[in-house]
Amino acid sequence: MKGFAVLASGRGSNFQALIDAMKAGEVPARCLRLITDNPTAYALERAGKAGIPATVLDFGSFPDRAAYEEALLRKMHATGADLFVLAGYMRILGREIVDAFPHRILNIHPALLPCFPGLHAQRQALEHGVRVSGCSVHLVDPGTDTGPIVLQRCVRVEQDDTEETLAARILAEEHRILPEAVRLFLEGRLEVRGRRVIIR
Ligand code: GRF
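This write-up is about the structure you can find in this document. Quick caveat: nothing in here was measured; it's all calculated off a predicted structure.

Another aspect to go through is the pattern of salt bridges. One pass over the structure, following the stated rule, counts 14 salt bridges. Salt-bridge contacts for R65 lead to E69; the nearest nitrogen and oxygen are separated by 3.6 Å. Taken together, the residues R65 and E69, both in helix 3 (residues 65–79) and four residues apart, mark about one turn of the helix. Judged by relative accessible area, E69 falls into the buried class, the value being 11%. Of the charged contacts, one joins R183 and E180 as a salt bridge, the two residues approaching to 3.1 Å between their closest N and O atoms.

Bringing the state of the cysteines into the picture now. In total, this model carries zero disulfides according to the counting rule given. The cysteine C135 is free of any disulfide, with C154 supplying the nearest cysteine sulfur at 8.8 Å.

For the rest of this paragraph, the subject is the packing of aromatic side chains. Under the definition given, this model contains three aromatic pairs. Measuring from ring centre to ring centre gives 4.8 Å for F59 and Y68, while their planes differ by 70°; the resulting arrangement is edge-to-face. For F59, a relative accessible area of 23% puts it in the partly exposed group. Residue Y68 is classed as buried on the basis of its relative accessible area, which comes to 2%. Their ring planes at 55° and their centres at 4.6 Å tell us that F84 and F101 sit as a pair that is tilted. Of this pair, F84 sits in strand 4 (residues 83–86) while F101 sits in the loop between helix 4 (95–100) and strand 5 (105–109), placing them 17 residues apart in sequence. Here F84 and F101 have matching classes, each one buried. Through a chain of ring-to-ring contacts, the aromatic side chains of F59, F62 and Y68 assemble into a single cluster.

What follows deals with the pairing of strand 8 (residues 190–193). Bridging between strand 8 and strand 9 (residues 196–199) involves four bridges; their strand directions are antiparallel. Bridge assignment links L190 to a residue of strand 9, and that residue is I199. Hairpin geometry of strand 8 and strand 9 is characterised by an intervening segment of two residues between the two adjacent antiparallel strands and by a positive phi of about 65° at G194.

Taking 1.5 Å per residue as the helical rise, helix 6 (residues 163–186) with its 24 residues ought to reach 34 Å, and the 33 Å between its terminal C-alpha atoms agrees with that figure. Looking at the residues trailing helix 6, positive phi occurs at G188, about 70°.

Taken together, seven strands build an open sheet; the order of strands is 3-2-1-4-5-6-7 and the sheet is mixed. The sheet is open, and its two borders are formed by strand 3 (54–56) and strand 7 (149–156), each paired with just one other strand. Strand after strand, the sheet turns through a mean of 20° between neighbouring axes, direction not considered. Sheet topology places strand 4 next to strand 5; three bridges connect them, and they run parallel.

Before going further, it helps to examine the site of the ligand. For the ligand, the full set of nearby residues is R11, G12, S13, N14, G88, I108, H109, P110 and E174. Within the backbone of N14, a nitrogen or oxygen atom sits 2.9 Å from an oxygen atom of the ligand. In the environment of the ligand, a nitrogen atom lies 3.2 Å from a nitrogen or oxygen atom belonging to the backbone of I108. Contact with the protein chains covers 87% of the free accessible surface of the ligand, which is 360 Å². When atom positions are compared with the pocket grids, the ligand is found to occupy the largest pocket. Grouping the constituent residues of the shell around the ligand by class yields two nonpolar, five polar and two charged.

Calculation notes
Residues numbered from 1 in each chain as written. Predicted model: local features only at pLDDT ≥ 70, side-chain atom pairs only at ≥ 80, totals over all residues. Heavy atoms only, no water. Salt bridge = Lys/Arg side-chain N within 4 Å of Asp/Glu carboxyl O. Helix = DSSP H or I, 4+ residues; strand = E, 2+ residues; numbered from the N terminus. Buried < 20%, exposed > 50% of the residue type's maximum accessible area, 1.4 Å probe, protein only. Disulfide = S-S within 2.5 Å. Phe/Tyr/Trp six-rings, centres within 6.5 Å; stacked < 30°, edge-to-face > 60°. Pairing = 2+ DSSP bridges. Expected span 1.5 Å × (residues − 1). Axes fitted to C-alpha atoms, helices over the stretch in contact; angles between N-to-C directions. Near = heavy atom within 4 Å. Polar contact = N/O pair within 3.5 Å; in protein donor to acceptor, adjacent residues only side chain to side chain. Areas by Shrake-Rupley, 256 points an atom, 1.4 Å probe, with all protein chains shown as cover. 1 Å grid on protein atoms, 1.4 Å probe; cavity = no way out; pocket = protein on both sides within 12 Å on 5 of 7 lines; lining within 4 Å. Sits in = over half its atoms within 2 Å of the grid points. Nonpolar A, V, L, I, M, F, W, Y, C, P; charged D, E, K, R; others polar.

Following this line, the structure appears as structure tokens:
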């Protein structure tokens with residue numbers, strides 16, 4: 001059975017969606033490890049409850065970013081995972097890590113890329129005044145939220161939406177497309193042709 005590892009920095013609700021999908025038999029794979037840069041991430045509790053081993057690489061305890069990335073790269077290799085899933089991992093992966101796992105890292109982003117990359121995507125969408133936003137799962141390349149798109153889901157932006165209400169509605173869709181993308185990847189059904197991802 002194929003295995004994936006998750007990188008998360010906080011709440012970990014997308015990580016939980018993956019755990020639930022595995023339990024329901026919707027993602028026939030093993031989650032080999034959670035790696036977090038944040039010792040107080042709630043994702044750690046979720047890993048504990050699900051019996052998934054976890055590693056904390058406390059970003060603040062490393063002398064610099066290069067030392068942190070070196071440790072992270074070593075840890076990622078050690079998992080033996082076929083796939084890495086960034087589920088609310090709040091750092092940009094360095095070039096060396098992206099190059100070490102070409103087209104083997106997925107990220108979930110709370111906007112319809114290429115609109116509103118980076119932080120506060122839901123706020124960006126509201127401030128821009130779009131009528132529709134949503135979420136995207138994409139393969140990670142060296143840019144910020146720029147890699148080939150695997151799945152997207154639309155969400156209507158209502159006139160009385162706040163950042164919180166919009167984020168909550170988008171999050172519900174994130175929880176659907178992330179497990180779906182992980183399943184497609186691990187079933188070997190994704191083929192990358194340039195910027196386009198073909199689902200077979
Ligand atoms: C999600 O909105 C995800 O798209 C973004 O960060 C948030 C993480 O939420 N990258 P959670 O930690 O999975 O609950």
